[in-house]
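What the coordinates show
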Amino acid sequence: MHYDVVIAGGGNAALCAAIEAQQQGARVVVLEAAPPPMRGGNSRHVRNVRIAHDAAMGTLTGPYPAAEFLEDLMRVTDGITDPVLADLTITRSAELWDFFESHGVRFQPSLGGTLSLGRTNAFFLGGGKALVNALYRKAAQLGVDIYTETEVTGLDIDNGFFCGAHVRRNGSSGLVRGRTFIAAAGGFEANLDWLTEAWGDAARNFLIRGTPYNRGAVLWLLLNKGVQTVGDPKQCHAVAIDGRAPKFDGGIVTRLDCVPFGIVVNEAGDRFYDEGEDFWPKRYAIWGRLVAAQPNQIGHVLIDAKSLDLFMPSVFPPECADSIEELAVKIGLPPDKLRATVDAFNAACAPGDFDHTVHDGCRTHGLTPEKTHWARPLDTPPYYGYTLRPGITFTYLGVKVTPEARMVMADGTPAANMFAAGEIMAGNVLGKGYIAGIGMTIGSVFGRQAGEGAAHVART
Amino acid sequence: MSLALDDTTPTPNQAEAARLFTICNACRYCEGLCAVFPAMERHRVFEPGTVDHLANLCHNCGACYYDCQYAPPHPFQVNVPANLTAVRHESYARHVWPGPVRGLFARNGLWITLLAAFSVAGFIGGFVAWHDPTVLFGVHVGEGAFYRLMPHNGMVALFGGVFLFALLAMGLSVRAFWLATGAQERIGAGAFWQAMQDALRLRYLDGGGAGCMNESDTPDDRRRLYHHLTFYGFLLCFASTSLGTVYHYGFGWQAPYAWSSPVVILGTLGGIGLLTGPVGLAIAKLRRDPALRSDAAADMDMAFLVMLFLTSLTGLLLLVLRATPAMGPLLAIHLGVVFALFVALPYSKFVHGLYRFAALVRHAAENRAAG
């Protein structure tokens, strides 16, 4: 079979590209490595998409002008972004509500505990898997050929010109030829060997929050065919999550929002960072790194009965005990040491009016490190303990693209017939940091750009 | 079927529901799909009574299974609709009055079939015993034709008695359910009215707007249509019977009534609903994705659909053939089926509507209390 557009990957970006290209009359094939229930890459885990809009609409509670979106992006990336691509992403994000809705995707008001995103982000009814299901239905209805459990194992690229993709399916191999190629196969965050290159053996203890299928196979193939890279190869988005989460695919439910309410100690029973530095949504991304730097990449949050109902419930029940020593034994910490750490912390807490909704005045004095807000003595049993480990969300390394989503070769020339969309090129726009829903914005906008571009090239 | 006889020890299905809700409560992606998820978010601990309430609030649209990022083969193995179907089925037995008959829910299809067979046989036998065969197979027309086979007062005494017993049993069962699920809110007329609207529209059987998912992740609204046909068909038949009673006692007009009579028109329309609705629901049930099914409940569902269908079929046949010699046997069969339907009412799938309505009332009251 000879296709106009061959797409590697089966998440949101791949499907946006497939739908766009097929609607322009191209014959499109989607090659998805995962089996049907797990299809969709990390899109299966997403909640929402960030979109610019000038007035409240649908479930969006107020205006979010493009200029404000750009400010937010510049702030989280410290300006590490391609300004042309960033501008394109934000401008075309305004079309996404209608695009999704017209393809059977539905929205719901922002979820409990996420009110701050109700203005800026459109939440998918039923979440990312519902989105993925709707887009697969639409693509199939349009006539896109979809192959799941089909892994891309090689790319025939001649001097920057795509000729075909080698695939493996049900144990047999084949070649899928096409006029154009779109890489939308995600990053390499599920490839522990690759992570180890950047992080050393500590990476073996990382948990992967998303799909186990993002092993970076297509990215690796492209890097070896002379495509220019973008993004820091040694960086990934790492947050502190519940240490009891499964190795892969734990998704949203493994997050722990209780760090600002208690203290965090390592395996030796020592505190190592200011738990009350800022609101959790602004700080959760640094805790992955902090825990990764501790022995065995483990941390333990301790709270007392005063704080149990102040944060979103987590999926795993905490360890619970009536004394600090008993809790220490349960979670495998030295009891005397933990007692000493808690005593020192309690003694350093200055009295104040606790208010977790503002930067309150409850802080410690004379402690190393200090806890600068929300510091209340751990003195009300029962005491609770959660284990923390680094959870990897995504990697930043990707392929460099032009505004038409064309890959850029090592010599700086745009590839003739190769495009990229989604996490595999998100580093062009998001060079650093993260802001809720931006991954979906980039994937959707560049998926459509790539689909349009590839269909156009295939025609001519 | 294992059942906890007290309200504090969860059954395995209730314990599984508590496990699932802990995951759902940390995720919340399904918040907009129906009433269950917002109601669930009001809790951090899922006691057996809370689980029974949430299970009966679930309309089984299936959307949260297909939308779930943690559905099998994910290691979390989240399948809320199948679990809540099993919990619901258990809850009918758990709260039933009188308690000792709770085993009736375990092999519902079998005993309802036996009951219907004995009931039909009883009416035929009764007619034969009371009359000679020429009356049973005779042609009877005109006012009071039916009552030549069975005196009206006899029918009223028998069916009225059974109906009153069914009301009593169902009332006490729903009361037990209401108390066990922890009634705290004051129930005002507003909550009641809201629940009525939600129930009459089947508001929560649409997966949050797209439609219910039955065979696959492709939504459609057919189950809601079939349920409306069944429910409103049942109501029309009930209205027809009630109007007939008014005619009889109020005006002295005796059945059978003319084709143009409102009693017959209501009954015919209702009968058509009760033929098409249950067939549609049964087909939807057979086509349902095996992942969404609960075997324990399937038998009870099908038994009730068959009984509704037979009630309507025999009633309509009786209407069409009432001026022929088939009227006598058909009357016996129809009365037998209706008798069995009413005897079984408190111990059949019929109670799902009562428990669900109670859950909707509680949900509406909780919403109002929360502002």
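Every value quoted in this text rests on a predicted model; they were computed, and no experiment measured them.

**Remarks on the overall build of chain A**
Along chain A, the regular secondary structure elements total 11 helices and 19 strands. Computed over C-alpha atoms, the radius of gyration of chain A comes to 23 Å, within 12% of the 23 Å expected from 2.2 N^0.38 for 460 residues, which places it in the range of a compact globule. In terms of principal-axis extent, the alpha carbons of chain A reach across some 75 × 50 × 40 Å. A sequence separation of at least 24 residues applies to 73% of the contacts in chain A between residues at least 6 apart. Accessible surface computed for chain A: about 16600 Å², of which carbon and sulfur atoms make up 53%.

**A closer look at the environment of G164 of chain A**
Residues and elements named next belong to chain A. Among the secondary structure elements, G164 is positioned in strand β8 (residues 161-169). As for G164 and H2, which are separated by 162 residues in sequence, their C-alpha atoms are 9.0 Å apart. If we skip the residues at most four places from it in the chain, G164 touches G154, L155, D156, L175, V176 and R177.

**Some thoughts on the confidence of the model for chain B**
When pLDDT is averaged along chain B, the result is 93, and 97% of the positions lie at 70 or above. In this model, residues 1-5 of chain B is a region of pLDDT below 50 whose contacts with residues beyond four sequence positions or in other chains number 17 contacts.

**A look at the interface of chain B and chain A**
Bring the parts together and some accessible area is lost; that lost area is often taken as the interface size. On the chain A side, the residues contacting the 30 residues of chain B number 36 residues. Summed over both sides, the interface between chain B and chain A buries roughly 2500 Å², with carbon and sulfur atoms accounting for 55% of that surface. Three residues stand out in chain B for area buried against chain A, namely A26, Y29 and R44 of chain B, and they jointly supply 29% of the buried area on that side. Ionic pairing is found between R137 of chain A and D217 of chain B, a salt bridge with its closest N-O pair at 2.4 Å. Counting the contacts that link chain B with chain A gives 17 residue pairs in polar contact (both at pLDDT 80 or more). Here the element with the most residues in the side of chain B that touches chain A is helix α1 (residues 12-27) of chain B; it accounts for 5 residues. Tallied by class, residues from the side of chain B that touches chain A come to 16 nonpolar, 9 polar and 5 charged.

**Here's the deal with the packing of helix α8 (residues 152-180) of chain B against helix α14 (residues 351-370) of chain B**
Residues and elements named next belong to chain B. In the contact formed by α8 and α14, the axes pass within 10 Å of each other and the chain directions differ by 40°. What the angle tells us is that α8 and α14 run oblique. Along this stretch, α8 crosses α14, giving a crossing that reads as right-handed. Within the contact between the two elements, α8 uses M170, S173, V174, F177 and W178 and α14 uses V351, L354, Y355, A358, A359, V361 and R362. Residues that form the contact of α8 with α14 fall into these classes: 10 nonpolar, 1 polar and 1 charged.

**A short note on the side chain of Q14 of chain B**
Residues and elements named next belong to chain B. Tracing the chain through its elements places Q14 in helix α1. Here P48 takes part through its backbone oxygen, which lies 3.4 Å from a polar atom of the side chain of Q14. A distance of 3.0 Å separates a polar atom in the side chain of Q14 from a polar atom in the side chain of D52. If near-sequence neighbours (up to four positions away) are discounted, Q14 is found in contact with T9, P48, V51, D52, V87, E90 and R94.

**Topic: the nonpolar core**
With 118 residues, the main nonpolar core has V253 of chain A together with Y70, F127 and L331 of chain B as its most contacted residues. Looking at this core element by element, the count peaks at 12 residues for helix α13 (residues 327-344) of chain B. Those residues in contact with Y70 of chain B that lie beyond four places of it in its chain are H45, D249, G250, G251, I252 and V253 of chain A together with I23, C27, F76, Q77 and V78 of chain B. Core analysis: the second largest hydrophobic core is formed by 102 residues, L96, V144, V152 and F394 of chain A among them.

**Digging into the domain arrangement of chain B**
All names here are of chain B. As far as domains go, chain B holds domain 1 (12-94) and domain 2 (106-370). Between the C-alpha centres of domain 1 and domain 2 the distance comes to 29 Å. Contacts between the two partners involve 29 residues from domain 1, matched on the other side by 35 residues from domain 2. Per-residue buried area on domain 1 facing domain 2 is highest for H59, Y66 and Y92; these three make up 27% of the total on that side. Taken together, the links from domain 1 to domain 2 amount to 1 salt bridge.

**As for the sheet that holds strand β4 (residues 107-108) of chain A**
Residue and element names in this part refer to chain A. Taken in spatial order, the 3 strands make up an open sheet running β3-β5-β4, and their pairing is antiparallel. Two strands in the sheet have a free side with no partner beyond their single neighbour: β3 (48-50) and β4. Docked against the sheet, helix α11 (residues 438-459) engages β3 and β5 (121-124), running at close to 75° with respect to β3.

Cut-off values and rules
- Residues numbered from 1 in each chain as written.
- Chains lettered and ligands numbered in written order.
- Predicted model: local features only at pLDDT ≥ 70, side-chain atom pairs only at ≥ 80, totals over all residues.
- Heavy atoms only, no water.
- Helix = DSSP H or I, 4+ residues; strand = E, 2+ residues; numbered from the N terminus.
- Rg over C-alpha atoms; globule rule 2.2 N^0.38 Å.
- Contact = heavy atoms within 4.5 Å.
- Areas by Shrake-Rupley, 256 points an atom, 1.4 Å probe, with all protein chains shown as cover.
- pLDDT = per-residue confidence, 0-100.
- Buried area = accessible area lost by both parts, 1.4 Å probe.
- Salt bridge = Lys/Arg side-chain N within 4 Å of Asp/Glu carboxyl O.
- Polar contact = N/O pair within 3.5 Å; in protein donor to acceptor, adjacent residues only side chain to side chain.
- Nonpolar A, V, L, I, M, F, W, Y, C, P; charged D, E, K, R; others polar.
- Axes fitted to C-alpha atoms, helices over the stretch in contact; angles between N-to-C directions.
- Parallel < 35°, antiparallel > 145°, perpendicular 65-115°, else oblique.
- Left-handed = near helix turned anticlockwise from the far one by under 90°.
- Core = buried A, V, L, I, M, F, W, Y, C linked by side-chain atoms within 4.5 Å.
- Buried < 20%, exposed > 50% of the residue type's maximum accessible area, 1.4 Å probe, protein only.
- Domains from an automatic or database assignment.
- Pairing = 2+ DSSP bridges.

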